[in-house]
Amino acid sequence: MATTTYTVKGMTCGHCVSSVKSEIGKIDGVTSVDVDLATGAVRVDSTAPVADADIVAAVDEAGYEVAV
């Protein structure tokens, strides 16, 4: 099992959180996505390491940006 944390910019409400969780959750191997709206922290649990590019693409698809 792998856990990675990212910071997502631009989320302002519960709908934002839902969108990010939904898009990241579609990635193969992702088992859990926890989002802290206040800090923008997104914790991704997966069965194996997930490529950062896949997370960035999913967050982008949701309409937000991963802080670098």
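Please read these numbers as outputs of a predicted model, since none were measured by experiment.

Draft legend 1. Region of interest: the pattern of salt bridges. For the structure on display, the rule yields four salt bridges. Of the charged contacts in the structure, one is a salt bridge between K9 and E65, with a shortest N-O distance of 3.7 Å. Of this pair, K9 sits in strand β1 (residues 2-9) while E65 sits in strand β4 (residues 65-66); the two residues are 56 residues apart in sequence, bridging distant segments of the chain. With a closest N to O distance of 3.2 Å, R43 and D45 form a salt bridge. Among the charged side chains, a salt-bridge network with shared partners connects D34, R43 and D45.

Draft legend 2. The arrangement of the pairing of β1 in detail. With six bridges connecting them, β1 and strand β3 (residues 41-46) associate as antiparallel partners. Paired with T3 across the strands is D45, a residue of β3. When β1 meets β4, the two strands line up antiparallel, connected through two bridges. Note that in β4 the partner of K9 across the bridge is E65.

The rules we used
- Residues numbered from 1 in each chain as written.
- Predicted model: local features only at pLDDT ≥ 70, side-chain atom pairs only at ≥ 80, totals over all residues.
- Heavy atoms only, no water.
- Salt bridge = Lys/Arg side-chain N within 4 Å of Asp/Glu carboxyl O.
- Helix = DSSP H or I, 4+ residues; strand = E, 2+ residues; numbered from the N terminus.
- Pairing = 2+ DSSP bridges.

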